[in-house]
Amino acid sequence: MKKFILLFFVISALIVSSLTIASCDYVVDSGSDSVRNSSAESDFDSESPKESLKDSTSQSESSSEIEAEPTDAEWFKFTLLADESGYSVAKCDNYDAETYPTEIVVPKTYNDKPVTKIENEAFNVCYRLTSVIIPKGITEIGNKAFYYCSGLTSIIVPDGVTIIGEEAFSGDRRLTSVILPDSVTSIGKGAFTFCEGLTSMVIPDEVTSIGDETFCGCWRLKNVALSNNVTTIGKNAFSSCAGLTSIIIPNSMISIGDKAFAFCDGLKSVIIPNGVTSIGKDAFRSCVNLSSVTISDSVTNIGDYAFSYCSNLTDVKISGGLTSIGEYVFFQCGKLSGVTIPDSVTSIERGAFQECVALISAEMSDGLVSIGDNAFENCENLKNVTLPDSLASIGDHAFDGCGSLTGIAIPNSLASIGHHAFDGCGSLTSIAIPNSVKDIGSDVFKNCSGLKNIEIADGVTIIGSGMFAGCSSLTSVVIPSSVTSIEASAFKNCTHLSSLKIGNGVTNIGSGAFKGCMNLRDFTMPDSLITIEDYAFSGCAGGLMKVTIPDGVTSIWDGAFSGCYRLKSVTIPDSVIRIGSNAFDDCNEELYETDKNGVIYVDNWIVGVESNEITSLNIKSGTRGIAEHTFYMCAALTKVIIPNSVTYVGASAFVGCTRLASVVIEGNTNIGGGAFLYCIDLTSVEISNNVISIGNRVFYNCLLLTSITFKGTMEEWEALEKGSIWYDGTKITTVKCDDGEITINNQYETEID
């Protein structure tokens, strides 16, 4: 039974070790507030300098000179050192936790030779051990020597010991006092990890480095005196030391490692002295009571997340030697109200000040070149930002959600503005975009609801997608002739926009570019325009009454002017070769001309029908085209003759006309893809030799169609522009030309059968 209990404890300890001690990279759950608050019971003052801590331990140090009767040798195992100068010591081979002494005095000698080393894992998991006296003469305490001796309460390391091994006292949760002599030169990684009872520590003068995880998880540790020779503090060295309220970092320090002081809840202020060059990643992460940080000019690198989640940080003095503020360095520092970026800084990286909700002002350095993605995102109280003339790029979401930002002057040096850079900056009232800006992301000023005035310099070539979408206070826009494209949703839902001037250079107005601009009044489209994309002016219901499409426009896409309730007049030039479906739906009744069969015209284009019960189609003379989906599901149509004037039969124009049996196309026509899709009764198709192109799947699922007639030569048919699968979904095997027949290798025939 005793052996079973011991085995269970050993296995449990090893599992805990493998999960926690190896990395110490997480926040340790103390189990109760009493563990955190117990640091107040310490006899040491957190402000005490190193000498005071030394004085308070002098009496204890003298006690190490007291000669104590060594524990019987039968309880130990002695191993002769390689040079035979002495012995190392460990617990005996037949160790039994229930019978092993709870207090031991390590012998000074064995076989008339000195005992100089406590072996690796010498007394590990001796969980009933409460007291250990180490004699003078010992020079090294090995790795895991007292690992998880959870009953051990105090230990005095004698003068002469130079090395304390890795995890030597790790997991000794009841250990409240450890005195290290000046002879110690090296403290190994994780030496005191999770010594939760430890309240103070003096680091000897000869120690130059605090290793990784050395005091990680020492919740009650309140006072630490670092020697003036310490140059580095390792990764996680003091992580989760919740009782630590202050730390004096000596002038000898060069680098502070990753997570060195992370989750030190009690830490209130930090001064990084001159000499420190590097502060590691997450170094002070989640020090929730840290209010003041001073960083000396010697610091050239601050790692990512270094002061993130320091929710009470109000004052930061950044060094003049720093060249970059790393990613998320001050992320969610919710009380930080102001920051001055020194001239040495050239870049502010991703998320550096993201969600610093109390930040009011940010004074940028004169040498700043780039502001990274999300750098000031959701700094909702940020009002004042001065961008330097050196700035070349602003990243995605850099100032997204800065709802209090009232003014921003974009310098002439700026070349790039990222996606959503100023999205939701509702207090911005004016903005000027200089001609230096060549790369503009999407939604840059989206939802800047207070923006009234914009100035776009001649030289800017593109208005990015969503760039001013939702800027509901914007009343007028002048787009210079240097702009070639207004991208999708660029001015969408600018509900008060009434005046628009577009320079003669714009070739494309993107999808939904002015959608929902309900107060937009008549304006002149530039002669340079080629394409009006889908829903570009949809919902411009208030003031748009007349539109003249300039000669040169070739395409008007789906829904381009739908919902323009007051639109009464549209002029469509001969250059237009394509109009999408619903392009002029729900406009003013005066816009439409309807023939006796219920076919609806806008200018010289067929755009719809009153009812899909239409039985006959007589296309009027001079008609230029049929918009896409115009005769959708007009199942009563049986014959269609498309006259010579029609230049375009829209994609899916006659889709689902299930009784359509005969089609004659007479003119210089482009036949859009799927134009006669699912016309299942179609048996006769005659195409003029003036037809310009035939799209893909034009007769898809017209299962009765086995041949078509081409009013031209076989050579003309071969030269005709056709989609590679124009006959897909049919049984067409023959094209009958004036001078012979052409056989179509239709591999889909058997699939249709």
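Residues numbered from 1 in each chain as written. Predicted model: local features only at pLDDT ≥ 70, side-chain atom pairs only at ≥ 80, totals over all residues. Heavy atoms only, no water.

**Some words on the overall build of the protein**
Helix and strand counts for the protein stand at six helices and 56 strands. A globule of 753 residues ought to have a C-alpha radius of gyration of about 27 Å, yet the protein, at 41 Å, is considerably larger. Taken along the three principal axes of its C-alpha coordinates, the protein extends 120 × 60 × 40 Å. Burial status across the protein gives 54% buried among its 753 residues. A separation of at least 24 residues holds for 33% of the contacts in the protein among residues at least 6 apart in sequence. Carbon and sulfur atoms provide 46% of the accessible area of the protein, an area that totals close to 29800 Å². Computed over 48 positive and 90 negative side-chain charges, the inter-centroid distance for the protein is 4 Å. (Helix = DSSP H or I, 4+ residues; strand = E, 2+ residues; numbered from the N terminus. Rg over C-alpha atoms; globule rule 2.2 N^0.38 Å. Buried < 20%, exposed > 50% of the residue type's maximum accessible area, 1.4 Å probe, protein only. Contact = heavy atoms within 4.5 Å. Areas by Shrake-Rupley, 256 points an atom, 1.4 Å probe, with all protein chains shown as cover. Lys, Arg positive; Asp, Glu negative; His and termini not counted. Charge placed at Lys NZ, Arg CZ, Asp CG, Glu CD.)

**What about the environment of Lys117?**
Inspection of the secondary structure assignment puts Lys117 in strand β5 (residues 113–118). Along the sequence, Lys117 and Ser88 sit 29 residues apart, while their C-alpha atoms lie 4.5 Å from each other. Leave out the neighbours within four places in its chain, and Lys117 touches Tyr87, Ser88, Val89, Ile138 and Glu140.

**Let's talk about the packing of aromatic side chains**
Evaluated as defined, the whole model comprises 39 aromatic pairs. Ring centres of Phe307 and Phe330 lie 5.6 Å apart, and the angle between their planes is 10°; this geometry places the pair in the stacked category. You can see Phe307 sitting in the loop between β20 (301–302) and β21 (315–317) and its partner Phe330 sitting in the loop between β22 (324–325) and β23 (338–340), a full 23 residues away along the chain. As far as burial versus exposure is concerned, Phe307 and Phe330 are alike and both buried. If you follow Lys144 out to its NZ or CZ, it ends over the ring of Tyr147, 4.8 Å from the centre. Its guanidinium or amino end placed over the ring of Trp717, Lys722 lies 4.8 Å from that ring's centre, counting from NZ or CZ. (Phe/Tyr/Trp six-rings, centres within 6.5 Å; stacked < 30°, edge-to-face > 60°. Lys NZ or Arg CZ within 6 Å of the ring centre and 35° of its normal.)

**A look at the pairing of strand β53 (residues 707–711)**
Where strand β51 (residues 684–688) and β53 come together, three bridges link them in parallel fashion. Considered in β53, the bridge of Ile687 is made with Phe710. Sheet topology places β53 next to strand β55 (residues 734–737); three bridges connect them, and they run parallel. Pairing of Ser707 across the sheet is with Thr734, part of β55. (Pairing = 2+ DSSP bridges.)

**As for unusual backbone geometry**
Note: most residues except glycine have negative phi, and most peptide bonds are trans. Its identity is not glycine, yet Glu355 carries a phi of approximately 60°, on the positive side. Residue Glu355 is classed as partly exposed on the basis of its relative accessible area of 26%. Of note in this structure, Met633 is not a glycine but carries a positive phi near 60°.

**Some remarks on the state of the cysteines**
Going through the model one piece at a time under the given rule, you end up with zero disulfides. With no disulfide partner, Cys92 has as its closest neighbouring cysteine sulfur the one in Cys126, 8.8 Å distant. Classification of Cys92 as buried rests on a relative accessible area of 7%. In this model Cys264 remains outside any disulfide bridge; the closest cysteine sulfur is found in Cys287, 5.0 Å from its own. Taking the relative accessible area as the measure of exposure, Cys264 reaches 0% and is therefore buried. (Disulfide = S-S within 2.5 Å.)

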